[in-house]
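In case you want the letters, here they are:
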Amino acid sequence: MTERIDAIIIGAGHNGLVCAAYLARAGMNVVCLEAADSAGGMAAPRTLGDDYHFPGLGVSAYPVSAAIRRDLKLDQFGYAPGKAVDTIALDARGNHLTIGARSLSGNDLPESDAKAYPDFKNEYLAFAKSLRPLFDNKPPRLKNMPFSDLSTLAKLGWNVRLGLGREAMYELLRVAAINIYDVLNDTFDDDRLKGAIAADAVMGSAMGPRTPGTVLTWLQRLYGQLSGPLSLHSSEQLINALTQSAESAGASIRLNTRVAKILVDNGKAFGVELENGEMLKARTVISNADPRTTFSTLVGAPALDAMFANRVTQIRGSGVVAKLNIALNGMPEISGISAEQIGNRLLIAPTMKYVEHAFNHSKYGEYSENPVLDISIPSLHNSSLAPDGHHVMSVNVAFVPYALDGGWEEQKTTLAYKIISQLGEYSPNLKSLVVDHEFLTPEDIEKAYGAVQGHWHHGELTIHQSFMMRPLHGAAQYDTPIDRLFLCGAGCHPGGGLTGRPGRLAANRVLELGGGK
Amino acid sequence: MSIDREHFRLALQRTPFHDRISAMSTTEVWTAWNTYKVARVVDKLSAEYFAVRSGCAVMDMTPMEKYRISGKDARAYLDRLVTRDLSKLRPGRVTYVVWCNDEGKVIDDGTLFQLDEDNYRLCSQHHQLDWLLISAAGFDVQIEVETHEIAALAVQGPTSFSVLAAAGIDGLDQLKPFGIIELRCGDIPVTVSRTGYTGDLGYEVWVDPADALQLWDAIFGVQGQYDIQPMGLDALEMVRIEAGFIMPGFDFNCAESTVRNNYDRSPFEVGLGWVVSLDKGHFTGRKALIDEKTRPPGRRLTKIVVDGNKPPGQAFIYNGKGGKLVGEIKCAIWSPILKANLALADIDYINGQLPPKLWARFDYQRELKWRTAWAECHAQSKPFYSPEHRSVTPPARF
């Protein structure tokens, strides 16, 4: 028998690394097992050919929270939030709109919108801020509440009622569960602006702007902005910093190590079995795999209570975003965008109707001929990603169904070319620059990262799968019906995105419930 | 038997024995049981009751829900489904089981027949297909409803062994309680299990619906030799209470159809702790039941004898006459053989203990005039009635 392992973490995605770093810092002997050949999960860099390097699935992101940066000394390990970028809502006629954190600029922008935008952003940032106790704590139980949960609710009530004030509280309660479509129509006239905000609200979710709950998903996204501006930061840098932070505290990360099974005896987890048959025992097992994989595959329904196992199969979360990585042998030009501007995040979502139509197709197992495209050129921010003079373009494509009618095999390349053609309408020289491309449908994302149905967030961020119901009743506080088995991934509260929050809150919970002792 | 396609034209389906029972019915008191029309009383309640206790009663139990569970993982599946340790169950044997939801509350109880290696039949009072299928995820197991494909008669009472022998079913003499045997009745194949819901010597005879009348006629063909009565549900209610058997859905709510918080019951709370094995490995509800075990008992379904000769019917139970309300009677009968009022009562414990004094307060009529009565109750842990001849092998011949 080798050394005693206090905690095994399944999956070295960023939440797994955050959790590992916290636990290692608390003195636990942590082993993080990663199936892939590099750490980072969906945030791990991808390579096309030998020369072109792409960030992971998430390209633009907000900085990780100050608490995580401080606790894990990330800056010391080379982490720095990237340069702030704006979002440019592209217009087919070249009449683009630049959307900053608190300002707008562009031709034909109605004066009323230019005036309303800062107020709107301030209002919604205040809403997001008022929810801080909810996002930064484990979700409170509603029954048999311990003091920590009561305190979360009390702080939330205080923030919402006294922090926001009565009027704003009423407004928050009015919009919290409704759709972004109505809110934006009430506030703005400009289609480009509404389309862009709506696209941000639904990106990564199987929701259109008219789907109830899309104000909440947008608030969750805005919550990131409280830590700093959006940047096309290098996810590689974040992953390296987390890895070093975890390893310097004593955690070990084993790559190319796929977990086949979580070992459970009489309702208690005691280790894992690897794909190669090796068994590793530990006092605590923490899964960064998505909840459906964790419970249905790694634990297996027979070791769970029947209704819980059944509810796991009902978790909603079918991926709708594909990734198109394009290697370019030159600089793409976009009509109406200057060389200074092209390093920003570019968005093709000209109207809310366009976004809604793009979503509609995915509901019926079709891809949209006019998808929402979230485009960035990371090589402009990090020249090491491509050879001199060459560039890499990374595109999130929404909405692309996980299960396409007729299957992906024959239609995948067709869709990739269609998207490149669509991009060509904005960038006339793009097609001539394409050296190679990689297209990951949700099905490919499932294969590459193990997330069921290729969902970014390991489960929809709908209201019925949020907070004390995320990922599902019975496992919403990171501990699960299996003793000593915890969850720490995006499937947990507060959900997906490169935030590290689920990993941090899970680590707190593990320590609260006895840690490695 | 497959379901008659026109069955919806009838409010209730007829069992394969219906023609015979209908012909014998003098009362025409029928009720519904799992979509079938069944007798509550066929002729005289007292005659049916005494047939179980001193002769032989025959009851049509075709409507009993029956599920065939088979496949490689059938045993593992059942082990995860029910609370009882099944390691002693063998082919040709039957065991009594109970199953719970995740919260450790009883969904239903039933009898589990192991027909052969990977082949089981589960009989239950209520429809369970949804729960059985929900529980099947992750197991290589097939679950089929066979309620309508198998007809069944309960043949119960001290002379039931002799009646079946006289009716042409030979070979029951070595069949022990909870045993199953394949035999013939004349030229029809029958499966006989030594099981029942009466607390007396008795058998359940399982037969193809096409052969049902032939079986009935064989049994009632010896009616001249023995006292054989067709029995309805009312007599069954009397004898099952005497035997201390509980009825989910009547004595307590079935968990998955309970709406109100705390209105469902755990196996411990209904006196089924003896079929819960917390150390047999994982089963649904185990964690909740382990947790329940750490707390003092909150309440128990308790067998009580109520003093006096007035039927307690629906009654509240108090801790002493005029004391604190501690419970209520769920079912009660006058037992002719014990000459006592017997009841099952749901009683709240005080500090983990049965309240020291139990008094029932109930209303009854005398010549249509309502009166209130108090009667002292005496809790009992053993079945009210459990005759020795019930488990003797071979049973006495008459």
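Keep in mind it's a predicted model, so treat the numbers as computed, not measured.

Caption draft 1: Quick peek at the overall build of chain A. In terms of helices and strands, chain A carries 17 helices and 18 strands. Against the compact-globule benchmark of 24 Å for 517 residues, chain A has a radius of gyration of 22 Å, which places it among compact chains. Taking the contacts inside chain A whose residues are at least 6 apart along the sequence as the reference set, 72% of them involve residues at least 24 apart.

Caption draft 2: Up close: helix 3 (residues 74-81) of chain B. The buried count for helix 3 of chain B comes to six of eight residues, which makes it a mostly enclosed element. Where helix 3 of chain B is buried, its residues meet strand 4 (65-70), strand 5 (93-100), strand 6 (106-116) and strand 7 (119-124) of chain B.

Caption draft 3: Up close: the domain arrangement of chain B. Per the domain assignment, the segments of chain B are domain 1 (7-62 + 150-231) and domain 2 (297-381). Measuring from the centre of the C-alpha atoms in domain 1 of chain B to the corresponding centre in domain 2 of chain B gives 33 Å.

Caption draft 4: Representation of the sheet that holds strand 8 (residues 142-145) of chain B. All names here are of chain B. The strand order 5-6-7-4-8 describes an open sheet built from five strands, whose pairing is antiparallel. Edge strands, defined here as strands with exactly one partner in the open sheet, are strand 5 and strand 8. Looking at each pair of strands side by side, their axes are set apart by 25° on average, direction ignored. When strand 4 meets strand 7, the two strands line up antiparallel, connected through six bridges. What sits directly across from Ser-70, in strand 7, is Asn-119. Where helix 3 meets the sheet, it contacts strand 4, strand 5, strand 6 and strand 7, and its direction lies at approximately 130° from that of strand 4.

Caption draft 5: Inspection of the interface of chain B and chain A at higher detail. Listed as interface residues are 15 residues of chain B and, on the opposing side, 14 residues of chain A. For the side of chain B that touches chain A, the secondary-structure elements that each account for two or more residues are helix 3 and helix 8 (286-293) of chain B. Across the side of chain B that touches chain A, the residue classes tally to four nonpolar, seven polar and four charged.

Caption draft 6: Expanded view of the packing of helix 11 (residues 291-300) of chain A against helix 12 (residues 306-313) of chain A. Residue and element names in this part refer to chain A. Running from amino to carboxyl end, helix 11 crosses helix 12 at an angle of 135°, the nearest separation of the two axes being 9 Å. Relative to helix 12, helix 11 is oriented oblique. The element helix 11 and its partner helix 12 pack so that their crossing is left-handed. Facing helix 11, whose interface residues are Pro-291, Arg-292, Phe-295 and Ser-296, helix 12 presents Ala-309, Val-312 and Thr-313. Here the contact of helix 11 with helix 12 is built from residues that sort into four nonpolar, two polar and one charged.

Caption draft 7: Up close: unusual backbone geometry. With omega at -5°, the peptide bond leading from A:His493 into A:Pro494 counts as cis. In this structure, the amide linkage connecting B:Thr393 to the following residue, B:Pro394, adopts the cis form with an omega of -10°. One can find B:Pro394 in the segment after strand 19 (369-380). Residue B:Asn262 is not a glycine yet carries a positive backbone phi of 75°. Along the chain, B:Asn262 falls in the loop between helix 7 (233-242) and helix 8. Of the residues examined, B:Asn262 has 9 C-beta atoms within 10 Å and is grouped as exposed. Of note, B:Lys339 is a non-glycine position whose phi angle comes to about 50°, a positive value. For B:Lys339, the position within the fold is in the loop between strand 16 (324-335) and strand 17 (340-348).

Caption draft 8: Local environment of the environment of A:Met469. Residues and elements named next belong to chain A. Assignment of secondary structure puts Met-469 in the loop between helix 16 (442-449) and strand 18 (485-487). Assessed through the 17 C-beta atoms surrounding it within 10 Å, Met-469 is described here as partly exposed. In the structure, Met-469 is positioned 273 residues away from Ala-196 in sequence and 29 Å away in space, judged by C-alpha atoms. Beyond its immediate stretch of four places on either side in the chain, Met-469 contacts His-464 and Ala-476.

Caption draft 9: Representation of the sheet that holds strand 7 (residues 104-106) of chain A in the model. All names here are of chain A. Reading across the sheet, the eight strands line up as 7-6-5-14-15-16-13-17 and stay open at both edges, with mixed pairing between neighbours. Each edge of the sheet is formed by a strand with only one pairing partner; in this case those strands are strand 7 and strand 17 (434-440). Strand after strand, the sheet turns through a mean of 20° between neighbouring axes, direction not considered. Pairing of strand 6 (residues 97-99) with strand 7, which is carried by three bridges, proceeds in the antiparallel orientation. Paired with Ile-99 across the two strands is Leu-104, which belongs to strand 7. Of the strands in this sheet, strand 5 (87-89), strand 6, strand 7, strand 14 (345-348) and strand 15 (372-376) are in contact with helix 8 (residues 191-202), which crosses strand 5 at around 125°.

Caption draft 10: Looking closely at the domain arrangement of chain A. Residues and elements named next belong to chain A. Annotation of chain A at the domain level lists domain 1 (7-58 + 65-80 + 232-316 + 451-512) and domain 2 (321-341 + 363-444). Between domain 1 and domain 2, the C-alpha centre-to-centre distance is 29 Å. Contact residues are listed per partner, giving 14 residues for domain 1 and 18 residues for domain 2. Elements with a minimum of two residues in the side of domain 1 that touches domain 2: strand 3 (46-48) and strand 4 (52-54). By residue number, the principal contributor to the side of domain 1 that touches domain 2 is strand 4, which donates three residues.

Caption draft 11: Main features of the pairing of strand 10 (residues 180-185) of chain B. Where strand 10 of chain B meets strand 11 (residues 188-193) of chain B, six bridges bridge the pair, whose relative direction is antiparallel. Within strand 11 of chain B, the residue paired with B:Ile180 across the bridge is B:Ser193.

Caption draft 12: How the structure looks around the pairing of strand 7 of chain B. The element strand 7 of chain B is largely enclosed, with a buried count of five among its six residues. Counted along the chain from strand 6 of chain B to the antiparallel partner strand 7 of chain B, the turn is two residues long.

Caption draft 13: Molecular detail of the nonpolar core. Counting 162 residues, the largest nonpolar core has A:Ile8, A:Ile9, A:Ala20, A:Cys32, A:Ala198, A:Ile286 and A:Ala506 as the members making the most contacts within it. Built from parts of two domains, this core gets at least three residues from each of domain 1 (7-58 + 65-80 + 232-316 + 451-512) and domain 2 (321-341 + 363-444) of chain A. Residues B:Leu81, B:Leu175, B:Trp206 and B:Ile304 belong to the second largest nonpolar core, which totals 110 residues.

Caption draft 14: Expanded view of the environment of B:Gly313. All names here are of chain B. Summarising the element assignment, Gly-313 is placed in the loop between strand 14 (299-306) and strand 15 (315-319). As a C-alpha pair, Gly-313 and Ile-329 span 16 residues in sequence and 7.6 Å in three-dimensional space. Here Gly-313 is in contact with Ala-332, Phe-362 and Tyr-364, once residues within four sequence places are set aside.

Caption draft 15: The arrangement of helix 6 (residues 212-220) of chain B in detail. All of the buried residues in helix 6 of chain B are B:Ala212, B:Leu215, B:Trp216, B:Ala218 and B:Ile219. Take helix 6 of chain B and look down its axis: the buried residues cluster within an arc of 160°, on one side only.

Caption draft 16: Examining the packing of helix 1 (residues 14-25) of chain A against helix 10 (residues 235-248) of chain A more closely. Residues and elements named next belong to chain A. Close contact between helix 1 and helix 10 brings their axes to 8 Å; oriented N to C, the two are set at 25°. What the angle tells us is that helix 1 and helix 10 run roughly parallel. As for how helix 1 packs across helix 10, the hand of that crossing is left-handed. Residue-level contacts link His-14, Leu-17, Val-18, Ala-20, Ala-21 and Ala-24 of helix 1 to Leu-238, Ile-239, Leu-242, Thr-243, Ser-245 and Ala-246 of helix 10. Here the contact of helix 1 with helix 10 is built from residues that sort into nine nonpolar, three polar and no charged.

Caption draft 17: Region of interest: the environment of B:Gln174. Residue and element names in this part refer to chain B. Examined against the element boundaries, Gln-174 turns out to sit in the loop between helix 5 (160-166) and strand 10. By the C-beta count within 10 Å, which is 9 here, Gln-174 ends up exposed. Spatially, the C-alpha atom of Gln-174 lies 9.9 Å from that of Val-392, the residues being 218 residues apart in sequence. Every residue in contact with Gln-174, bar those within four places of it in the chain, is listed here: Thr-393 and Pro-394.

About the thresholds
- Residues numbered from 1 in each chain as written.
- Chains lettered and ligands numbered in written order.
- Predicted model: local features only at pLDDT ≥ 70, side-chain atom pairs only at ≥ 80, totals over all residues.
- Helix = DSSP H or I, 4+ residues; strand = E, 2+ residues; numbered from the N terminus.
- Rg over C-alpha atoms; globule rule 2.2 N^0.38 Å.
- Contact = placed C-beta atoms within 7 Å.
- Buried ≥ 20, exposed ≤ 12 C-beta atoms within 10 Å, placed from the backbone.
- Domains from an automatic or database assignment.
- Pairing = 2+ DSSP bridges.
- Axes fitted to C-alpha atoms, helices over the stretch in contact; angles between N-to-C directions.
- Nonpolar A, V, L, I, M, F, W, Y, C, P; charged D, E, K, R; others polar.
- Parallel < 35°, antiparallel > 145°, perpendicular 65-115°, else oblique.
- Left-handed = near helix turned anticlockwise from the far one by under 90°.
- Core = buried A, V, L, I, M, F, W, Y, C linked by C-beta atoms within 7 Å.
- Arc of directions from axis to C-beta.

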